[in-house]
Structure formats: structure tokens, C-alpha cells
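The lines below spell out each chain.
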Amino acid sequence: MTVLRQMLEKYDTTTADGAVNGLREVMQEVALAGLYRAGFFDKAAFYGGTCLRIFYGLPRFSEDLDFSLLAPDGAFSLEPYFKAVKDEFTALGLEVEISAKKKTISTGIESAFLKSDTRLFSLAVHAEKTVKIKFEVDTLPPLGFATEEKLLLQPFSFYVKCFSLPDLFAGKMHALLYRNWKNRVKGRDWFDFEWYARNGTPMNLSHFIVQAKQSGHLKAESLTEEEFRSLIERRIEVLDVAEAVKDVSRFVKDVETLKIWSRDYFNELAKRMQITSE
């Protein structure tokens, strides 16, 4: 398990959360390698929080692997790629189980779960908790996004097709404004929003509009920058900051950085947010 241990060395595995987060991210990278070998990125691009974490330096851990097809294909299945992913883990001396998630309703999301063998992984990180990774592929994606090839060096050197930052930001704002978590607050969305705003990343309003129209949240043909900023203001007005902090805390190394969070703070970030229409 030399390669696996080498991959784990960059993580603090002395705490339970650190061990699980580190192991999960290593599993994510190995899974990406398997998908690459199988030619998956000829048809799909990587997006979401894990993409932002691995390839763009987001300082928080993320749980899922989210992908979008480059062109709509309602008949797409992940199952032909399962063997390549399992083979990548086998090459590291690890056995994993992959299963397709049974849909309860018809959606454009094709999902699968990757589950590690607890005993084998506990040898690597001294943790007893089984780590699961959820794969999701949007088979009927909102289009109009740009991609770029990003390099990953372990478990070997390979390129992953990723959404560009402005389009990743657009997807994040769609989730932040419209994600339905009932009584829960997805603090991870607000952490990512803060990261984009602080780094001066422009958000692609055009791609946000495509997403919002497809999801049914935007009925009009267009949305002005002023109208978009009003949406953010209204969302911040009802934000439970304490719950947002609680949600994201286990995914960040330095929780002290969250002390500045408040509605006023997020309003200030929103004002400084850059918007483009590429």
C-alpha cells in the first residue's frame, strides 16, 4: 500500500474527522483515476465542491463526486465504468463495492455509491468508520458551460475535465439560492460562496440563468445583474448563520475562520461579488 500511504501523508489523520476526510479524499482521487482510464471524461466533466477542493484549492472537504455529461443522454449509465474504478482500487490492494442507487423517482441524475471495505481501510488510517462516496452524473445537464483540463498527480499523473471557475460559481449560486433542505442549512454552500467572493472569481450569469430556467426557478427569459443581486439579498435575510456554521464545521480545518460569519458579512461579500456574462 505504498502509494496509498503516500497519498494519505498530506492529511492530518490524528482525529476521527481528519482520518475520515483524508481517506475519503484519497478514495475520490483513486475513483477519478479509474474513470479516467475508462474514458469517462470524453463524455463528462467534473464539477461541484469536490472538484473545487481537489483542483482549485477550496479549503474544506467535500463528500460527493458530481459530474455533468457534455451533451444530454437520458440513456447514460455509470455501470460500464464500475470495473475500471474497482480495478484502480485493486491495484492499491483494496477491495471496494460499487452499487447503483435505485431511483425512487425519475430524474436526470444517474447515481452510484462506492463503499470501502472497513477492515482494509482501517489499516491505513486507524479508523473504524466505513467511508462512502456518492457518484452523481447529470445526464440531462443545463449546457453553456466551459471546461478545462486539470492535472492530478496521484495515484498517477492524469487530466480531468473540469468546469471552469465562473461556471462552477454559477452552479454554486444556483444551489445556494434554490437548494431545498427543509429545516437544514447547507453551510457548505455559504463557505464556497465566501471562497469565490474572497478570491475575486467572476460568476457566469448566463450559465446561472440556464440552470435556473431548467430547474423551473426562473420563469422569465432573462435575469439582470441587479435582479440577481436582489435574489442574494433576500436569501441572506433569512439565513440562520449559526446553523450554517454548525453544518460546515466538520469539513474545515480552522473553524476560527467562521467567527466572522454574519448576515452583514455575507451582504458585504455579495456587494463585492463579480458577475460576468460570458
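Residues numbered from 1 in each chain as written. Predicted model: local features only at pLDDT ≥ 70, side-chain atom pairs only at ≥ 80, totals over all residues. Heavy atoms only, no water.

Undergrad: How would you summarise the overall build of the protein if you had to cite specific residues and measurements?
TA: Across its full length, the protein holds 11 helices and nine strands. The C-alpha extent of the protein, read off along each of the three principal axes, is 55 × 45 × 35 Å. Across the protein, the fraction of contacts at a sequence separation of at least 24, relative to all contacts at a separation of at least 6, is 70%. Accessible surface computed for the protein: about 13800 Å², of which carbon and sulfur atoms make up 48%. Across the protein, the mean location of the 38 positive side-chain charges is 4 Å away from that of the 40 negative side-chain charges. (Helix = DSSP H or I, 4+ residues; strand = E, 2+ residues; numbered from the N terminus. Contact = heavy atoms within 4.5 Å. Areas by Shrake-Rupley, 256 points an atom, 1.4 Å probe, with all protein chains shown as cover. Lys, Arg positive; Asp, Glu negative; His and termini not counted. Charge placed at Lys NZ, Arg CZ, Asp CG, Glu CD.)

Undergrad: Before we move on, can you summarise empty space enclosed by the protein with the specific residues and values?
TA: Per the counting criterion, the structure on display carries one cavity of 30 Å³ or more. Roughly 40 Å³ of internal volume is contained in the largest cavity. For the largest cavity, the full set of lining residues is L35, L78, Y81, F82, V85, I98, A112 and F135. (1 Å grid on protein atoms, 1.4 Å probe; cavity = no way out; pocket = protein on both sides within 12 Å on 5 of 7 lines; lining within 4 Å. Points joined across faces, edges and corners; volume = space filled by probe spheres on them.)

Undergrad: Talk me through the nonpolar core; I want residue IDs and the actual numbers.
TA: One finds F208 and F228 to be the most contacted residues of the largest nonpolar core, which totals 89 residues. Here the element with the most residues in this core is helix α2 (residues 16-37); it accounts for nine residues. In this view, F228 contacts M173, L177, M203, L205, F208, L223, M273 and I275; residues no more than four positions away in its chain are not counted. (Core = buried A, V, L, I, M, F, W, Y, C linked by side-chain atoms within 4.5 Å. Buried < 20%, exposed > 50% of the residue type's maximum accessible area, 1.4 Å probe, protein only.)

Undergrad: Let's hear about the confidence of the model for the protein: which residues, and what values?
TA: Averaged over the protein, the pLDDT score is 87; the fraction of residues at 70 or greater is 90%. Taken together, the stretch residues 116-127 has pLDDT below 50 and engages in 28 contacts with residues farther than four places along the chain or on a different chain. (pLDDT = per-residue confidence, 0-100.)

Undergrad: Report on the layout of surface pockets, specifying residues and quantitative values.
TA: In this model, the second largest pocket occupies a volume close to 330 Å³. Lining the second largest pocket are 17 residues, with D12, G18, F61, V252 and K253 positioned closest to its centre. Per-element accounting of the lining of the second largest pocket gives the leading share, three residues, to α2. When grouped by side-chain class, the residues that make up the lining of the second largest pocket number six nonpolar, four polar and seven charged. (Nonpolar A, V, L, I, M, F, W, Y, C, P; charged D, E, K, R; others polar.)

Undergrad: Tell me what's going on with the environment of A242, and back it up with residues and numbers.
TA: Mapping A242 onto the fold places it in helix α10 (residues 241-248). As for A242 and S262, which are separated by 20 residues in sequence, their C-alpha atoms are 8.7 Å apart.

Undergrad: Break down helix α6 (residues 165-178) for me, with residues and values.
TA: With 14 residues, α6 ought to run about 20 Å at 1.5 Å a step, and its terminal C-alpha atoms sit 20 Å apart, in line with that. Judged by how many residues are buried, α6 sits mostly within the fold: 12 of 14 residues are covered. Those residues of α6 that fall on the buried side of the exposure criterion are P166, D167, L168, F169, A170, K172, M173, H174, A175, L176, L177 and Y178. (Expected span 1.5 Å × (residues − 1).)

Undergrad: Give me the lowdown on the pairing of strand β7 (residues 158-163), citing residues and values where you can.
TA: With five of six residues buried, β7 lies mostly within the body of the structure. In the sheet, strand β6 (residues 147-152) pairs with β7 via six bridges, with the strands oriented antiparallel. Following the sheet pairing, K150 is matched in β7 by V160. Hairpin connection between β6 and β7: a loop of five residues separates the two successive antiparallel strands. (Pairing = 2+ DSSP bridges.)

Undergrad: Describe α2, listing the residues and the values that go with them.
TA: Its 22 residues place the ends of α2 32 Å apart at the C-alpha level, agreeing with the 32 Å of an ideal helix rising 1.5 Å per residue. Burial of α2 is extensive: 18 of the 22 residues sit out of reach of the surface. One or two steps after α2, the chain reaches G39, where phi turns positive at roughly 80°.

Undergrad: Outline the state of the cysteines, listing residues and values.
TA: Scanning the model with the defined rule gives zero disulfides in all. This cysteine, C51, is not joined by any disulfide, and C162 carries the nearest cysteine sulfur, 3.7 Å off. Owing to a relative accessible area of 0%, C162 belongs among the buried residues under this scheme. (Disulfide = S-S within 2.5 Å.)

Undergrad: Residue-level account of the packing of helix α9 (residues 225-237) against helix α11 (residues 263-272), with values.
TA: Between α9 and α11, the shortest axis-to-axis distance is 10 Å and the interhelical angle comes to 170°. With respect to α11, the element α9 is oriented roughly antiparallel. Residues R229, I232, E233, I236 and E237 of α9 pack against R263, F266, N267, A270 and K271 of α11. Looking at the contact of α9 with α11 residue by residue, the classes come out as four nonpolar, one polar and five charged. (Axes fitted to C-alpha atoms, helices over the stretch in contact; angles between N-to-C directions. Parallel < 35°, antiparallel > 145°, perpendicular 65-115°, else oblique.)

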